[in-house]
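# Coordinate inspection notes
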Amino acid sequence: MAGKFITLEGIDGSGKSTQSQKISQWLESFTGLKTVRTFEPGGWPDGERLREFILSSKNFSSMSELLLFLADRAEHVSRLILPSLADGFNVVCERWNESTLAYQSGGHGLEVSVIERIIESCNFPEPYAKIFLDVPPEIAFERVRLRNNHSDKFEAEGLSLMRKVSDSYRLMSDRFIHIDCGEMSEDEIFWAIVERLEAKIHGDSD
């Protein structure tokens, strides 16, 4: 069985990190292959400095911000994701191209067609499965607010941004394994994801 590249999407506070950990452990057991867990921006070796730079600055234009995120993704692909897949590993990544579309278009007003053309020119690998954790913005915002760490500039833009980004994700719902989280528990969300992934993997192997 070849390694699977799986991405998780959703607004801040939707539970991506929690589900990424759970899915990575399950996928390793299910496939018998080592699973690399990563995230964007900055999930590649030495990527933390670029992550901090992107998320801490409040002065970039929307286009500059887009290009910085894609530069980060290019390094992520070349330094971690493609080498891991080439070694036969699974890769589970928090955020991918749809995150860029949702935040830079729905959140910050760039035209979808412009973003899509630039992303297409980058020739990034296509995930085997994309999972969208659809959490009501009000619930996600409260989770973010209760965190006892610093907020990056996207979290600081608040509930208004979360609503715009959430709407943008929902317009792309046909691209995803769409998990309508609602008031579901972490375990209920996890098993809903597993059920869909197992069906996809078994279906593709028939």
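The coordinates are above.
The shown structure was predicted, so the numbers you read here are calculated from the model rather than taken from an experiment. (Residues numbered from 1 in each chain as written. Predicted model: local features only at pLDDT ≥ 70, side-chain atom pairs only at ≥ 80, totals over all residues. Heavy atoms only, no water.)

### Let's talk about the packing of aromatic side chains
Counted only if it meets this: Only Phe, Tyr and Trp rings are paired, with Trp represented by its six-membered ring, and only when their centres lie within 6.5 Å; those with planes under 30 degrees apart are stacked, over 60 edge-to-face, the remainder tilted. Each residue's exposure class comes from its accessible area (1.4 Å probe, protein chains only) as a fraction of the maximum for that residue type: buried when under 20%, exposed when over 50%, partly exposed otherwise. Two limits define a charge over a ring: the Lys NZ or Arg CZ must be within 6 Å of the ring centre, and within 35 degrees of the ring normal.
Scanning the entire structure with this criterion turns up 8 aromatic pairs. Here Phe53 and Phe60 contribute two aromatic rings whose centre-to-centre distance is 5.3 Å and whose plane-to-plane angle is 70°, an arrangement assigned as edge-to-face. Classification of Phe60 by relative accessible area gives partly exposed; the value is 24%. Here the aromatic cluster, defined as three or more aromatic residues joined through ring pairs, consists of Phe5, Trp96 and Phe124. Positioned over the ring face of Tyr128 is Lys4, at 4.3 Å from the centre of the ring.

### With respect to helix 9 (residues 186-205)
What counts here: Secondary structure elements are defined from DSSP: runs of H or I of at least 4 residues count as helices, runs of E of at least 2 residues count as strands, and each element is numbered from the N terminus. Expected span of a helix, by definition, is 1.5 Å for each gap between consecutive residues, and there is one gap fewer than residues. Should any heavy atoms of two residues lie within 4.5 Å, those residues are considered in contact.
The end-to-end C-alpha distance of helix 9, which contains 20 residues, comes to 29 Å, matching closely the 28 Å that a straight helix rising 1.5 Å per residue would cover. Buried within helix 9 are the following residues: Ile189, Phe190, Ala192, Ile193, Val194, Leu197 and Ile201. Packed against the buried residues of helix 9 are strand 1 (5-9), helix 1 (16-31), strand 4 (129-134) and strand 5 (177-180).

### Here's the deal with unusual backbone geometry
Residue Glu40 is joined to Pro41 through a cis peptide bond whose omega torsion reads -10°. Within the secondary structure, Pro41 is located in the loop between strand 2 (35-39) and helix 2 (48-56). With a phi close to 70°, Asp46 is a non-glycine residue in the positive phi region. Along the polypeptide, Asp46 turns up in the loop between strand 2 and helix 2. The residue Asn123 is not glycine, and still its phi comes out positive at about 60°. Checked against the element boundaries, Asn123 lands in the loop between helix 5 (112-122) and strand 4. Note on Asn123: relative accessible area 68%, which makes it exposed.

### So, the side chain of Arg73
What counts here: A 3.5 Å cut-off defines polar contacts: any pair of N or O atoms within that distance qualifies, except that in protein one atom must be a possible hydrogen donor and the other a possible acceptor, and neighbouring residues in sequence count only when both atoms are side-chain atoms.
Among the secondary structure elements, Arg73 is positioned in helix 3 (residues 62-86). Residue classification places Arg73 among the buried positions, given a relative accessible area of 3%. Of the polar contacts made by the side chain of Arg73, one reaches the side chain of Thr100; its length is 2.9 Å. Other than its neighbours up to four places away in sequence, Arg73 contacts Glu40, Trp96, Asn97, Thr100 and Phe124.

### Some thoughts on the side chain of Asp134
Here Asp134 shows up in strand 4. Within polar-contact distance, the side chain of Asp134 engages the side chain of Arg170 at 2.8 Å. Excluding residues within four positions of it along the chain, Asp134 makes contact with Ser166, Arg170, His178, Ile179, Asp180, Cys181 and Gly182.

### Concerning the sheet that holds strand 5
What counts, and what does not: At least two DSSP bridges between two strands are needed for those strands to be called paired. An axis is simply a line fitted to the C-alpha atoms; with a helix, the fit covers only the stretch in contact. Between two such axes, the angle follows the N-to-C directions and lies from 0 to 180 degrees.
Taken together, 5 strands build an open sheet; the order of strands is 2-3-1-4-5 and the sheet is parallel. Edge positions in the open sheet fall to strand 2 and strand 5, since each of these has one partner strand only. Across this sheet, the average inter-strand angle for adjacent strands is 20°, counted without regard to direction. With 4 bridges connecting them, strand 4 and strand 5 associate as parallel partners. Bridge assignment links Leu133 to a residue of strand 5, and that residue is Ile179. Packing of helix 9 onto the sheet brings it into contact with strand 1, strand 4 and strand 5, and relative to strand 5 it is tilted by some 160°.

These values are about where atoms sit, not about what they do.
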